[in-house]
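Working through the structure, step by step
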Amino acid sequence: MSVGWKRTDSGGYECFLEYGECPRCHLKLLKKSNNMGCVEYAATFGSIILLILTLPFSLFWCFKVVQEYERAVIFRLGRLRTGGARGPGIFFILPCVDSYCKVDLRTVSFDVPPQEALTKDSVTVTVDAVVYYRIQDPLNAVTKVTNYSNSTRLLAMTTLRNILGTRNLAEVLSDREAISHAMQTSLDVATDPWGVKVERVEIKDVSLPQQLQRAMAAEAEASREARAKVIAAEGEMKASRALKEAADVISEAPGALQLRYLQTLNNISAEKNSTIIFPLPIDMISYFVNYNNGSQVI
């Protein structure tokens, strides 16, 4: 351990206290440097005297409480106090020389405003999303960035536009989960030095221009009509094959045609109508047809 004074860049002097390596147990201790100057020592000492003189009323300003989901980052004369963030519970500050900032550790969500971007296949789309994040390191969230909430929002908007520029329209419409995951990974890497952890990103809606919507609707309708015609043609082909097979069966047994006639009459008479149908064999008509053609059936 060493104690001494050193000259600063501004021309003043400051006291320092350093802990080095223990020569006996060869354990490397934490090396600290107390760079408080004479003015800071005097201000701290005066604050303690003021605290003692104004007891017990000064205790109302010295003891602070943070909730279970909050942490307090304390600054003494503008310098970050050692020991990390305080909380949850009660902590002590000196009047006039200490200030603190509360940081909420709960998950916060915000809507990314609709971003109009050009996809990889030169189609203009408007996409909005929602981002969920929380504070992972309160010290970095206070000391490394001015406003972590506003910075995360601006970064989310920029990242969404950049990712949309690398995707086709079909991917934007069908593969939203992959876009959300890519956006979350990019945001998490960028906000990690700020102490912010991006937990989840979800794509809410994808809006297309009206002309493109009408063109896609016409394309889908034409595709459905084409499939319907193909299905109808396949049905006709299967029906013709079934009729051919039925005709082959009937041609093998001439009495089957008469039975089919009788079955048809039974179905018609079951409807209680006055229509009477007399079946006429096709063989009788073929004689007259052949006679008109000049041929005679033997």
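As the structure is a prediction and not an experimental result, all values here were calculated from the model.

**Observations concerning the sheet that holds strand β4 (residues 70–76)**
What the three strands build is an open sheet, ordered β5-β4-β7; its pairing is antiparallel. Edge strands, defined here as strands with exactly one partner in the open sheet, are β5 (79–80) and β7 (98–104). Direction of pairing for β4 relative to β5: antiparallel, over a ladder of two bridges. When the sheet's bridge partners are listed, F75 is paired in β5 with L80.

**A look at the sheet that holds strand β9 (residues 124–135)**
Read across the open sheet, the three strands follow the order β8-β9-β10; overall the sheet is antiparallel. Each edge of the sheet is formed by a strand with only one pairing partner; in this case those strands are β8 (108–118) and β10 (196–207). Strand-to-strand twist in this sheet, taken as the mean axis angle between neighbours without regard to direction, amounts to 25°. Bridge count between β8 and β9: nine bridges; the pairing is antiparallel.

**Thoughts on the pattern of salt bridges**
Evaluated as defined, the whole model comprises eight salt bridges. Between R106 and D104 there is a salt bridge, with its nearest N and O atoms 2.8 Å apart. Residue class for R106 comes out partly exposed when judged on its relative accessible area of 45%. For D104, a relative accessible area of 24% translates into the label partly exposed.

**Some words on helix α6 (residues 176–191)**
For the α-helix, the turn length of 3.6 residues means that residues three or four positions removed from each other point alike. With 16 residues, α6 ought to run about 22 Å at 1.5 Å a step, and its terminal C-alpha atoms sit 22 Å apart, in line with that. Along α6, the residues classified as buried are I179, S180, M183, L187, D188 and T191. Viewed end-on, α6 has its buried residues packed into an arc of 160°, placing them on one side of the element. Away from its buried face, by an angle of more than 90 degrees, α6 presents the exposed residues H181 and V189. In this fold, the buried residues of α6 make contact with β9, α4 (148–164), α5 (169–174) and β10.

**Comments concerning the confidence of the model for the protein**
Residues of the protein with pLDDT of at least 70 account for 77%, and the chain-wide mean is 78. This stretch, residues 8–13, has a pLDDT under 50; its non-local contacts, to residues over four places away or in other chains, come to nine contacts. When the criterion is pLDDT under 50, residues 17–34 qualifies, and its contacts beyond four places in sequence or with other chains add up to 24 contacts.

**Topic: the packing of α4 against α6**
Taken N-terminus to C-terminus, the directions of α4 and α6 make an angle of 135°; their axes are 10 Å apart at the nearest point. Taken together, the axis directions place α4 and α6 in an arrangement best described as oblique. Judged by the twist between their axes, the crossing of α4 over α6 is right-handed. On the side of α4, the interface is formed by T152, L155, A156, T159, L160 and I163, while α6 contributes I179, A182, M183, S186, L187, A190 and T191. Classifying every residue of the contact of α4 with α6 by side-chain character gives nine nonpolar, four polar and no charged.

**Overview of the side chain of R167**
The residue R167 is located in the loop between α4 and α5 in this model. Summary of buried charges: R167 has no salt-bridge partner, and the nearest side chain of opposite charge, E171, is 4.2 Å away. In this view, R167 contacts T119, K120, V172, A178, I179 and A182; residues no more than four positions away in its chain are not counted.

**Quick notes on unusual backbone geometry**
The peptide bond linking L55 to P56 adopts the cis configuration, its omega dihedral lying at 0°. Its place among the elements puts P56 in the loop between α1 (38–53) and α2 (59–62). Look at the link from G87 to P88: it is a cis peptide, with omega at 0°. Following the sequence through the fold, P88 ends up in the loop between β5 and β6 (89–92). Phi is positive for C96, which is not a glycine, with a value near 75°. Assignment of secondary structure puts C96 in the loop between β6 and β7. Located in the positive-phi region is S122, a residue other than glycine, with phi close to 60°.

Definitions and limits used
- Along each chain, numbering runs from 1 in the same order as the chain's sequence is written.
- At least 70 in pLDDT is required for a residue's local features to be given in this predicted model, at least 80 for side-chain atom pairs to be given and counted, and no such filter applies to totals for whole chains, interfaces and linings, which use all residues.
- Computation of side-chain values covers all heavy atoms of the structure but excludes hydrogens and water.
- If DSSP finds at least two bridges between two strands, the strands pair.
- The way it works is that DSSP assigns letters per residue, a run of H or I at least four long becomes a helix, a run of E at least two long becomes a strand, and they are numbered from the N terminus.
- For helices, the fitted axis covers only the stretch in contact; all axes are lines through C-alpha atoms, and the angles between them, taken along N-to-C directions, range from 0 to 180 degrees.
- A side-chain nitrogen of Lys or Arg and a carboxyl oxygen of Asp or Glu constitute a salt bridge if their distance falls within 4 Å.
- The rule is simple: take the accessible area with a 1.4 Å probe, protein chains only, and divide by the maximum for that residue type; under 20% is buried, over 50% is exposed, in between is partly exposed.
- Helix span, as expected, comes to 1.5 Å for every residue beyond the first.
- To obtain the arc, one takes the directions from the helix axis to the C-beta atoms.
- By the convention used here, residues are in contact when the closest approach between their heavy atoms is within 4.5 Å.
- As a per-residue measure, pLDDT reflects the predictor's confidence and takes values from 0 up to 100.
- Oblique is the label for any angle not under 35 degrees, not over 145, and not in the 65 to 115 range, which are roughly parallel, roughly antiparallel and roughly perpendicular in turn.
- Take the far helix as your reference; a near helix turned counterclockwise from it by less than a right angle gives a left-handed crossing, and one turned clockwise gives a right-handed crossing.
- Residues are grouped as follows: Ala, Val, Leu, Ile, Met, Phe, Trp, Tyr, Cys and Pro are nonpolar; Asp, Glu, Lys and Arg are charged; every other residue, Gly included, is polar.
- Charge assignment in this entry is limited to Lys and Arg as positive and Asp and Glu as negative, and neither His nor the chain termini are counted.

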